[in-house]
Structure formats: C-alpha cells, structure tokens
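# An overview of the molecular structure
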Amino acid sequence: MRDYLLTLCVTAAVTYLLTGPVRKFAIATGAMPEIRARDVHREPTPRLGGIAMFFGLCAGLLVADNLQNLNGVFELSNEPRALLSGAALIWLIGVLDDKFEIDALIKLGAQMIAAGVMVMQGLTILWIPVPGAGMVSLTSWQGTLLTVALVVITINAVNFVDGLDGLAAGMVCIAAAAFFLYTYRLWYGYGIEAAAPATLFSAILMGMCVGFLPHNMHPARIFMGDSGSMLIGLVLAAGAISVTGQVDLDVLKIFEGSTRQATHAALPVFIPLLLPLTIIAIPFADLVLAIVRRTWNGQSPFAADRGHLHHRLLEIGHSHSRAVLIMYFWSALIAFGVVAYSVHSASMWILLVIVALSAVGLVLLLLPRFTPRAPLWAQSFVPPRYRRKRKGEPAAEELASPVPALALVGEAQPVTDVMEERTSVPAGVNGATALGARSRLPDRRKAGSRN
C-alpha cells in the first residue's frame, strides 16, 4: 500500500506541476477555441491539459517500475507496456483534435486502433465469468471484439461527461478509487497476482485526476480537452479489461457445490466484475440518451448539443458547483455501493444505506424546484433567495439579473446601451480573461435545442 501511495503522489505531483506550463503553452499556440453555443463557460479557456496528465502517467509507471514491491508487475506482465502504447496513440490524436478539431469518425477509428494495439500486446479479455458455468474461455476474435467495444464505450462515455469544470476528472477519480479498493482486495486479500496491474492502473489514474483537479475546478483555468478525457477513459478501460478478462476466479473456489449455491456465492464477485460499467453508469446513460435524442431529431449521433445531464442540472436551477457535486455524489454512491455489497453481500444494512442515500440524492436533485421562504426571525441567516419579499423591494432574482428589469421590458434605455455602461471584468482573473472582456450575457437556450 505504501508503494501504491508513493506512485499516486508522484503521478499527482508531476501532473500538477506541469499543468501550469502546459496552460501557457496552450495559450501561446492558440489552443483556445471560441465559445460554442453548448458551452457553459463565458470566456475562452486553454485546452491541452491532457499533456500534463500523460506525463503524469509516464512518471507513475516509471516510479512503479523502480519500486521493489511493484517491479514484479512489469516482469510478469506486459500489460503496463500495452497500456503505455495505447495511451500514447490516443493522447497524440487528442492533442491534434484540441488544436485542429479532427473529425469525429477519425477519432473513433483512432480509438479502435489504440484498443487493437493493446490487444496485440496482450491486454485483452481472455475469458468471462458466467453464473452457473464458471469461467468461459473466449476465442481470439471474440476477446478482441469485447476489448475494443469496452475501450470505445468507456472513452466516449468519459468524453461525453466532460462538460463542466472538474466534472470528468472528479467522476473518473471516484471510479478509480472504488476500483482500486476492489482490485487491491483481490490481489492482497486473495493473493491473485493477476489483479496487480489493474491495481497499479487505478492508483496512477487517481494521481492523474488529483493532480489536474486543482487547475480544473470551477472556475477552470485550463481544460483537459480530448487529449485528457480520452486518455483517462483509456486507462480506466485498461484496468477493467485487466481484472475482468485476465483474473481467473476459479482460484477462489466459488464455483463448487450445486449450481444455485455456486451462483449465490459468486454473486458478490460477479457484480464488481461489472464495476467498470457501474462506475461509468452515469456517463454511459448520458451517452445513450444523447445518441437517441440526436437520432430522434434527425441529427448525427456525433452532433453536439446542450442536452447532456449536466446541462439539464443547470437548467433545473443548480449552480455550476452544485451540479458537479451532485454528479460526484451519484457516481460515488453507485461505485462504492457496489464495492461494499461485494464485501458484505449478506448484510441488509448496506442495502438500507444505499436506499437512504439514494433518497437524499433525489432530494438534492430536485432542490431548486422547491423555494421555501424562511420565517421572519431567520431572515438574516439564510441566502437572499429564501427571504420573504418586503413591500416595494425588488425580488432576489431581479437583483441577481445582470440587466436591470426596466431595461428588459423596454421602459428604460436599450439593453445594448445598458451593457455598454457596465464595467468589464478585470483581466487576468481566471482562464483566459486577459485576452478579452468576459461576456455578461451567457447563452440561456434550452437544453437539446438545435442551436
């Protein structure tokens, strides 16, 4: 555990220290696309954060290769080299896309090629567990197809959820933490050496996300871009492939006895094997809904819009930070809930806690729909939105509006004149404000609109 923590800290430190110079490099090279209709930020922000994350990945693998307790992962398995080869390819394509906007089909082909590179070097699904039948071996082409499918789905699910400051990095970090606990238990608790590569990948992935998050939290100074989102999606998929298709669960002797007894005993093990799908459950749901929505509207599945789950949360009335925290909450509940159930499947307390936390999550999700007014004695202790409106006093929403209410109804000077009189935001506060004044009129079109 000490060696894993050291690897995590080194990865996080390298990523954190390199993100600042990478930000300056992105500004100098013009890797700052204009604000699009679906974007929620108000100012051009540099991309290419994936460059720092990739070098953090390289640093983590290099440190682990020189540690006595982790060096065996590189001697007994070729999976770390396979991961580095696929990550280098997908990272290079992401860097080019952040700068030159590569076509979506080209990126899809690059994702498949990266998965194929890992398969050629041994990082592939060899068998899958089937309840009642034990471990079922797969043919070469079946394992290749499953591996490529899992890599492509995971990469695009992470890429789709990368829409708010700190959202993708935080959700993947939560997923990696839950996955680390499960794989470490398999490796250390049951002595399964084949789970060691997945444990190492999870620790490095946590370090990449932890090192990048301080620069990416709202208001973000830099975005990871496709070079970062596709990279962490590939690392997450690599760990899932390693533990799902490489670990032989027959050594646990959970398939002995009758079919019913073996299935019941193996249930806690089968569920975490689906952990890669559960930890990307929210991004995967967002991906499926986006494809259905765009196809229903006669658009390409790769067309961009403002109908993602994080856009919906903003439209309900959540702030940027609260929308991100809600997504964190649900990701942690699903991922850690599955891991906890795998450890103590016979305990009803775990199910009761998960149900209770789900109810709390639903209340938080619908909180903007309810605007209770505080009593008179508590007026000074609550935010303005919950205070009672006094006679002749403007509402809190009117005070928060960037344009005066009279200008909105046309009884005063035009909106353009009002905006010209307003002072601009000082340069150099966040992101790339030094390159221009921040817009005071954010795009408020409804989610899912064609524009």
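Residues numbered from 1 in each chain as written. Predicted model: local features only at pLDDT ≥ 70, side-chain atom pairs only at ≥ 80, totals over all residues. Heavy atoms only, no water.

### Some thoughts on the overall build of the protein
For clarity, the cut-off: We count a stretch as a helix when DSSP gives it H or I for four or more residues in a row; a strand needs E for two or more, and each element gets its number in order from the N terminus. Only protein chains enter the accessibility calculation, which uses a 1.4 Å probe; a residue is then buried when its area is under 20% of its type maximum, exposed when over 50%, and partly exposed in between. Contacts are assigned to residue pairs that have any heavy atoms within 4.5 Å of one another. Areas reported here follow the Shrake-Rupley algorithm with a probe of radius 1.4 Å; residue values treat only the protein chains shown as occluding.
The secondary structure content of the protein amounts to 18 helices and two strands. For the protein, the residues scored as buried account for 47% of the 451 residues in total. Considering only residue pairs separated by 6 or more positions, the protein has 72% of its internal contacts joining residues 24 or more positions apart. Counting only carbon and sulfur atoms, one obtains 65% of the accessible surface of the protein, whose full area is about 22100 Å².

### Some remarks on the confidence of the model for the protein
Heads up, the condition is: By definition, pLDDT measures how confident the predictor is in each residue, and it falls between 0 and 100.
Per-chain confidence: the protein averages 76 in pLDDT, with 65% of residues scoring 70 or above. In the model, residues 396-451 has pLDDT below 50 throughout and makes 73 contacts with residues more than four positions away in sequence or in other chains.

### As for the nonpolar core
Condition: Definition used in this section: a nonpolar core is a set of buried Ala, Val, Leu, Ile, Met, Phe, Trp, Tyr and Cys residues joined via side-chain atoms within 4.5 Å.
Membership of the largest hydrophobic core comes to 92 residues, with the highest contact counts inside it found for Tyr4, Leu57, Leu200 and Leu205. Element by element, the count of residues in this core is highest for helix α7 (residues 167-189), at 16 residues. In this structure, leucine 57 is in contact with Thr11, Leu83, Ala87, Ile204, Met208, Leu231 and Val235, ignoring residues within four places of it in sequence.

### Quick notes on the pattern of salt bridges
This is how it is decided: Throughout this description, the term salt bridge denotes a Lys or Arg side-chain nitrogen within 4 Å of a carboxyl oxygen of Asp or Glu.
In this structure the tally under the stated criterion is three salt bridges. Residue arginine 47 is joined to glutamate 101 by a salt bridge in which the shortest nitrogen-to-oxygen separation is 3.4 Å. Taken together, the residues arginine 47 in the loop between α1 (2-29) and α2 (50-65) and glutamate 101 in the loop between α4 (79-100) and α5 (104-120) connect sequence positions 54 residues apart. Residue classification places arginine 47 among the buried residues on the basis of a relative accessible area of 9%. A relative accessible area of 47% places glutamate 101 in the partly exposed class. Note that lysine 107 and aspartate 226 form a salt bridge whose closest N and O atoms lie 2.8 Å from each other. On the criterion of sequence distance, the pair formed by lysine 107 in helix α5 and aspartate 226 in helix α9 (residues 225-245) is long-range, its members being 119 residues apart. The burial state of lysine 107 is the same as that of aspartate 226; both residues are buried. One salt-bridge network, held together by shared partners, links Asp97, Lys107 and Asp226.

### With respect to the state of the cysteines
Worth spelling out the cut-off: In what follows, a disulfide is any cysteine sulfur pair within 2.5 Å.
Inspection of the entire model under this criterion finds zero disulfides. With no disulfide of its own, cysteine 209 lies 5.3 Å from the sulfur of cysteine 173, the closest cysteine sulfur.

### Considering the packing of α2 against α4
The following threshold applies: Axes, fitted as lines to C-alpha atoms, cover a helix only where it is in contact. Angles between the N-to-C directions of the axes lie from 0 to 180 degrees. Throughout, the term roughly parallel applies to angles under 35 degrees, roughly antiparallel to angles over 145, roughly perpendicular to angles from 65 to 115, and oblique to all others. Classification used: nonpolar for Ala, Val, Leu, Ile, Met, Phe, Trp, Tyr, Cys and Pro, charged for Asp, Glu, Lys and Arg, polar for all others including Gly.
α4 packs onto α2 with a crossing angle of 170° between their chain directions and a minimal axis gap of 11 Å. The angle between α2 and α4 places the two elements in the roughly antiparallel class. Taking contact as the criterion, the partners of Gly50, Ile51, Phe54, Leu57, Cys58 and Leu61 in α2 are, on α4, Pro80, Leu83, Leu84, Ala87, Ala88, Trp91 and Val95. When grouped by side-chain class, the residues that make up the contact of α2 with α4 number twelve nonpolar, one polar and no charged.

### A look at the environment of valine 10
One can find valine 10 in helix α1. On the accessibility criterion, valine 10 (23% relative accessible area) is partly exposed. Expressed as a C-alpha distance, the spacing of valine 10 and glycine 211, which sit 201 residues apart in the sequence, is 9.4 Å. Contacts of valine 10, omitting those with residues within four sequence positions, involve Ala59 and Val63.

### Regarding a nonpolar patch on the surface
Operational definition: Exposure above 30% relative accessible area and no salt bridge define the residues that can form patches, which grow by joining like charges within 9 Å and nonpolar side chains of Val, Leu, Ile, Met, Phe, Trp and Tyr within 5 Å.
Together, Leu92, Leu96 and Phe100 line one region of the surface with nonpolar side chains, adding up to about 300 Å² of accessible area. One can find leucine 96 in helix α4. Taking the relative accessible area as the measure of exposure, leucine 96 reaches 35% and is therefore partly exposed.

### Overview of the packing of aromatic side chains
Let me state the cut-off plainly: Classification of ring pairs rests on two measures: the distance between centres of Phe, Tyr or Trp rings, Trp counted by its six-membered ring, which must be within 6.5 Å, and the angle between planes, read as stacked under 30 degrees, edge-to-face over 60 and tilted in between.
The final tally for this structure, using the stated rule, is nine aromatic pairs. Considering the side-chain rings of phenylalanine 54 and tryptophan 91, the 4.3 Å spacing of their centres and the 10° angle between planes classify their relative orientation as stacked. Here phenylalanine 54, found in helix α2, pairs with tryptophan 91, found in helix α4; they are 37 residues apart in sequence, far enough to count as distant. Ring geometry for phenylalanine 180 against tyrosine 184: centres 5.8 Å apart, planes inclined by 20°, an arrangement best described as stacked. Placement of the pair is phenylalanine 180 and tyrosine 184 together in helix α7, with a separation of four residues, close to one helical turn. When sorted by exposure, phenylalanine 180 lands in the same class as tyrosine 184, which is buried. These aromatic residues form a ring-pair network of at least three members: Tyr4, Phe180, Tyr184 and Trp187.

### Considerations on α5
Stated formally: Expected helix span is given by 1.5 Å per residue-to-residue step, counting one fewer step than there are residues. Within 3.5 Å is the distance limit for a polar contact, defined as a pair of N or O atoms, with the added protein rule that one can donate a hydrogen and the other accept it, and that residues adjacent in sequence qualify only through two side-chain atoms.
With 17 residues, α5 should reach 24 Å at 1.5 Å per residue; the first-to-last C-alpha distance of 25 Å fits that figure. If you check the start of α5, you find a side-chain oxygen 3.0 Å away from the backbone N of leucine 105, and it comes from aspartate 103. Positive backbone phi, at 105°, marks glycine 122, one or two positions downstream of α5.

### Observations regarding empty space enclosed by the protein
Quick reminder of the rule: We place a 1 Å grid over just the protein atoms. Points where a 1.4 Å probe fits but has no way out form a cavity, open points with protein on both sides within 12 Å along at least 5 of 7 lines form a pocket, and any residue with an atom within 4 Å of a point lines it. Grid points are joined across faces, edges and corners, and a volume is the space filled by probe spheres set on the points.
Taken as a whole, this structure holds two cavities of 30 Å³ or more when the rule is applied. Considering only enclosed or pocket space, the second largest cavity measures out at about 40 Å³ in volume. If you go around the second largest cavity, the residues you meet are Ala176, Phe179, Phe201, Ser202, Leu205, Val235, Leu236, Gly239 and Ala240. Going through the elements one at a time, α7, α8 (196-216) and α9 are the ones with two or more residues in the lining of the second largest cavity.

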